[in-house]
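So you can see what is in the structure, the chains are spelled out below.
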Amino acid sequence: MSDTRDEVRALVGRTKDLNPNQRLLLAFYATLPAGKAGTQQTGQALAEEMGWAPTVFSRTRKELVEAGWLDEYDRFNNIRYFRLSDHALGRRSKVVRLRHVG
């Protein structure tokens, strides 16, 4: 329990430039089951659990995906699944930048 609490606190500390809905949604995702599988709940179910309208949840999640805070990791028909990105978890990107030669 303490590990999750510390992770959520660290995440919220990195999100100072985001609006309150974005910060709340990231903190919510941080409390969901972690690992490669992420969460298997639909956005509609998550929105209901948060007490948000599905459109607010979807719009906020889309903003976080575009900003690099969430990653889509799976899709089944029209259902997409998301998890915290490496950026949100405070990890460095594994992509190595190429240098310009010449």
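Keep in mind that what you see is a predicted model, and the values were worked out from it rather than measured.

Here is what the cut-offs are and how they apply
- Residues numbered from 1 in each chain as written.
- Predicted model: local features only at pLDDT ≥ 70, side-chain atom pairs only at ≥ 80, totals over all residues.
- Heavy atoms only, no water.
- Pairing = 2+ DSSP bridges.
- Helix = DSSP H or I, 4+ residues; strand = E, 2+ residues; numbered from the N terminus.
- pLDDT = per-residue confidence, 0-100.
- Salt bridge = Lys/Arg side-chain N within 4 Å of Asp/Glu carboxyl O.
- Buried < 20%, exposed > 50% of the residue type's maximum accessible area, 1.4 Å probe, protein only.

Draft legend 1. Looking closely at the pairing of strand β2 (residues 79–84). Note that strand β1 (residues 70–76) and β2 share six bridges and pair antiparallel. What sits directly across from Glu72, in β2, is Phe82. The hairpin formed by β1 and β2 contains two residues between the paired strands, and Asn77 there has a positive phi angle of roughly 55°.

Draft legend 2. Broad picture of the confidence of the model for the protein chain. Looking at the protein chain as a whole, the pLDDT averages 82, with 80% of positions reaching at least 70. Within the protein chain, helix α4 (residues 54–66) carries the highest mean pLDDT (95), whereas helix α1 (residues 2–14) carries the lowest (80).

Draft legend 3. Region of interest: the pattern of salt bridges. Taken as a whole and judged by the stated rule, the model has two salt bridges. For the salt bridge of Glu72 with Arg75, the shortest nitrogen-to-oxygen distance reads 3.2 Å. Between Arg80 and Glu72 there is a salt bridge, with the nearest N and O atoms lying 3.7 Å from each other. A residue is classified by how much of its surface remains accessible, and Arg80, at 37% relative accessible area, is partly exposed. A cluster of three or more residues bridged by salt bridges with shared partners is formed by Glu72, Arg75 and Arg80.

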